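In case you want the letters, here they are:
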Amino acid sequence: MAWSGGGPRVAKKHQRLGGVPSLTLDEARKQLHELSRRFGRLRKPSDSLLDRALEVGPHRKGGLLIVPEIDAIAALERLDEAERENEGLLEELEDLGVVLLARERLTQPTPADRLVPLEELARQFGREHLIAG
Amino acid sequence: MPGERYSVRAEPEVTADLRALAAIDERLVDRAIELMSALRDDPWLGEDLWKRYNMESIEDCRKIRFDVPDWNGKPRYRIVYRNEPLDGAPGLVRIWSVGPRQQLIAYARATARVTRSEAQGRRRRRS
């Protein structure tokens, strides 16, 4: 399949923005005051950033999105929440990694005389000065 | 005058861990060695994982988060160690690993994948 100008990126954009009404620059310019008034009156954010978005660009080819402020703020809050959740899950995965490491190490512990003393490690890396004192 | 110090000793693999850190940034080696040195006086420096999860395998196991001094984000590196008290003598602080946090996450993910595929294999053999 041949991609027209823009290739896969354009296809992805169309997938993402499917269903978003498209305006020409002139149409958007004429509606701007009305849009600002209408969007400014909104009190409840939409579920998705794109629910009430409008795509604007020459020949309806986009380049600009107009979204209600309340929807943009809600989308940012959802992003923050997702980031916090992701960080929490990574923290748990990290600790699970420690548990697995512990199990592995405790199954076959290295005899103490085969462990490398800190002083030796520091010497190997030329960091004796960091452990002096 | 400092009191009796704990003996800090590392698994042989830690040498390779430090070499890998040096390849990223030599200052990480400085920080890791400084922290390991601090464990000689305070082996409870790291976060106690056992308190959080209450699992036998991580009893006395702790982790320290660290990074280079000018890093503004959350620390990306960990020292994982275990305190091994010895009767009548200062305990041993056994360093298990020093490296990127990502390594621990990757280890957990890889093990989960292996466990999952083994479980699927067992289910297939049974049916």
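Model, not experiment: these values are computed from the prediction.

Right, let's talk about the sheet that holds strand β3 (residues 64-66) of chain A for a bit. All names here are of chain A. With mixed pairing, three strands are arranged side by side in an open sheet as β1-β2-β3. Of all the strands in the sheet, the pair left with one neighbour each is β1 (22-23) and β3. Relative to β3, strand β2 (residues 54-56) is paired through three bridges, and the arrangement is antiparallel. Within β3, the residue paired with glutamate 55 across the bridge is leucine 65.

Moving on: helix α4 (residues 101-126) of chain B. If you check α4 of chain B, its first and last C-alpha atoms are 38 Å apart, about what 26 residues at 1.5 Å a residue would give, namely 38 Å. Within the sequence span of α4 of chain B, burial applies to Arg101, Leu104, Tyr107 and Ala108 of chain B.

Okay, the interface of chain A and chain B next. In this assembly, 28 residues from chain A lie in contact with 33 residues from chain B. Every element with two or more residues in the side of chain A that touches chain B is listed here: α3 (69-107), β4 (116-117), α4 (118-124) and α5 (128-131) of chain A. For the side of chain A that touches chain B, the element with the most residues is α3 of chain A, which contributes 14 residues. Among the residues forming the side of chain A that touches chain B, the class breakdown is 19 nonpolar, three polar and six charged.

Burial along strand β1 (residues 7-10) of chain B is two-sided: the residues Ser7 and Arg9 of chain B and Val8 and Ala10 of chain B are all buried. Pairing analysis gives two bridges linking β4 of chain A to β1 of chain B, with the strands arranged antiparallel. Across the sheet, valine 116 of chain A pairs through a bridge with alanine 10 of chain B, a residue of β1 of chain B.

Residue and element names in this part refer to chain B. Across its 12 residues, helix α1 (residues 13-24) extends 17 Å between first and last C-alpha, which sits within 8% of the 16 Å expected from 1.5 Å per residue. Among the residues of α1, Val14, Asp17, Leu18 and Leu21 are the ones counted as buried. The buried residues of α1 occupy an angular sector of 95 degrees when the element is viewed end-on, so they sit on one face. For α1, the exposed residues set more than 90 degrees away from the buried face come down to Ala16, Arg19 and Ala23.

Rules used in this analysis
Residues numbered from 1 in each chain as written. Chains lettered and ligands numbered in written order. Predicted model: local features only at pLDDT ≥ 70, side-chain atom pairs only at ≥ 80, totals over all residues. Pairing = 2+ DSSP bridges. Helix = DSSP H or I, 4+ residues; strand = E, 2+ residues; numbered from the N terminus. Expected span 1.5 Å × (residues − 1). Buried ≥ 20, exposed ≤ 12 C-beta atoms within 10 Å, placed from the backbone. Contact = placed C-beta atoms within 7 Å. Nonpolar A, V, L, I, M, F, W, Y, C, P; charged D, E, K, R; others polar. Arc of directions from axis to C-beta.

Limitation: the analysis is restricted to geometry and does not speak to function.
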